[in-house]
Amino acid sequence: MQTKLLLLITFFTLSYSTTIAQTFSDSKQNSLELSSGYTFGALKNLSFAPVVRYDYNALNHQLKYVRTTNKNKLFEVQLDYLNTDLNSETIPALNASYSKVVLNFTYLRPVYTKNKFSIHAGLQAQTSLSAYNEGQAEDGQQKFGLAGRFAYQIDQRHSLSSKLTIPFFIWRVATFEDGTYSLGKYQGLFWNLEYKYSLSKHFDVKANYTFNYNRLQISDAYRELQQQLNLGVNFKF
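Residues numbered from 1 in each chain as written. Predicted model: local features only at pLDDT ≥ 70, side-chain atom pairs only at ≥ 80, totals over all residues. Heavy atoms only, no water.

Chemist: An account of the pairing of strand 9 (residues 186-198) is requested, with residue identities and associated values reported.
Modeler: Burial of strand 9 is one-sided: the residues Tyr186, Gly188, Phe190, Asn192, Glu194, Lys196 and Ser198 facing one way are buried, the residues Gln187, Leu189, Trp191, Leu193, Tyr195 and Tyr197 facing the other way are not. The sheet contact formed by strand 7 (residues 158-174) and strand 9 spans eight bridges and is antiparallel. Residue pairing in the sheet places Ser161 in a bridge with Glu194 of strand 9. Relative to strand 10 (residues 203-216), strand 9 is paired through 13 bridges, and the arrangement is antiparallel. (Buried < 20%, exposed > 50% of the residue type's maximum accessible area, 1.4 Å probe, protein only. Helix = DSSP H or I, 4+ residues; strand = E, 2+ residues; numbered from the N terminus. Pairing = 2+ DSSP bridges.)

Shown next as structure tokens:
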């Protein structure tokens, strides 16, 4: 039941995002990014196991599509995946496998541009599915938040960008606990810092750091802090 509901959430989010993308008839540039890296994090999910904290580390893989219009609007779709083991020093017998898929949709409009510096602002929707012990327990989450992107073109080859998202609403469909929460009980922060080096008109190489934090202040407390370091390539067309 939980998986069906999450698939339904994903379907509506994808349909909404596709509608937005179809309005961008004045497409200027598209880019497809593929990267892999290292993830390390900490997880506390009392509805799953009564331990203080799990720690984990793993390889992560990321696929991202960005569409830029002539009016400099941005539409981003990003897919992240990791598969690892949760480890606890408190109760080692409760160690578990852990996999997570995250799908982000972001729509940004330009709000400020001067010389080599630009700022975009908009909305982000995130759908995630976590599985424990090879699917014996699941946790589906749908989040909505405000997003801002800051970019600086250092020169023709070097550029820096940073995106900050503050979610304000979460819909959670889990094996042990379901509910909807806003800022009173839910706090989150997503931050990304990226460096790109242009190899040619169509190819870039990139390095980025990502910080994710989620916290639910409920009886079965849920918290996750995750950091990622990625290297990848970017194809522009």
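There's more to say after this.
Chemist: Could you give an account of a nonpolar patch on the surface, with specific residues and numbers?
Modeler: Taken together, the side chains of Leu32, Leu34, Leu63, Leu79, Tyr81, Val101, Leu199, Phe203, Val205, Val233, Phe235 and Phe237 define a hydrophobic patch exposed on the protein surface, amounting to about 1,000 Å² of accessible area. For the nonpolar patch, the secondary structure elements donating two or more residues are strand 1 (27-45), strand 3 (74-86), strand 10 and strand 11 (222-236). (Patch = residues over 30% accessible without salt bridge, like charges linked within 9 Å, V, L, I, M, F, W, Y side chains within 5 Å. Areas by Shrake-Rupley, 256 points an atom, 1.4 Å probe, with all protein chains shown as cover. Salt bridge = Lys/Arg side-chain N within 4 Å of Asp/Glu carboxyl O.)

Chemist: An account of the nonpolar core is requested, with residue identities and associated values reported.
Modeler: Note on soluble globular proteins: their nonpolar side chains tend to be buried together. Residues Leu43, Phe48, Tyr54, Leu86, Tyr98, Tyr132 and Leu216 are the most contacted members of the largest nonpolar core, which totals 19 residues. Every element with two or more residues in this core is listed here: strand 2 (54-69), strand 3, strand 4 (96-114) and strand 9. Dropping the residues within four chain positions of it, Tyr98 is found in contact with Leu43, Tyr56, Leu82, Asn83, Thr84, Asp85, Leu86, Ser130, Ala131, Tyr132 and Glu224. (Core = buried A, V, L, I, M, F, W, Y, C linked by side-chain atoms within 4.5 Å. Contact = heavy atoms within 4.5 Å.)

Chemist: Residue-level account of the pattern of salt bridges, with values.
Modeler: One pass over the full model with this rule turns up ten salt bridges. Its salt-bridge partner being Asp139, residue Arg172 comes within 2.8 Å of it at the nearest N-O pair. Taken together, the positions of Arg172 in strand 7 and Asp139 in strand 6 (residues 137-153) put the pair 33 residues apart, joining distant regions of the chain. By relative accessible area, Arg172 is classed as buried at 1%. The exposure class assigned to Asp139 is buried, which follows from its relative accessible area of 2%. The salt bridge involving Glu194 is made with Lys196; its shortest N-O contact spans 3.8 Å. Lys196 carries the same exposure label as Glu194, and that label is buried. Sharing partners across several salt bridges, the network here consists of Glu33, Glu194, Lys196 and Lys206.

Chemist: So what's going on with unusual backbone geometry? Residues and values would help.
Modeler: The backbone of Asn133 shows a phi angle near 50°, a positive value even though the residue is not glycine. Of note, Glu134 is a non-glycine position whose phi angle comes to about 55°, a positive value. Structurally, Glu134 is set in the loop between strand 5 (117-132) and strand 6. A residue is classified by how much of its surface remains accessible, and Glu134, at 79% relative accessible area, is exposed.

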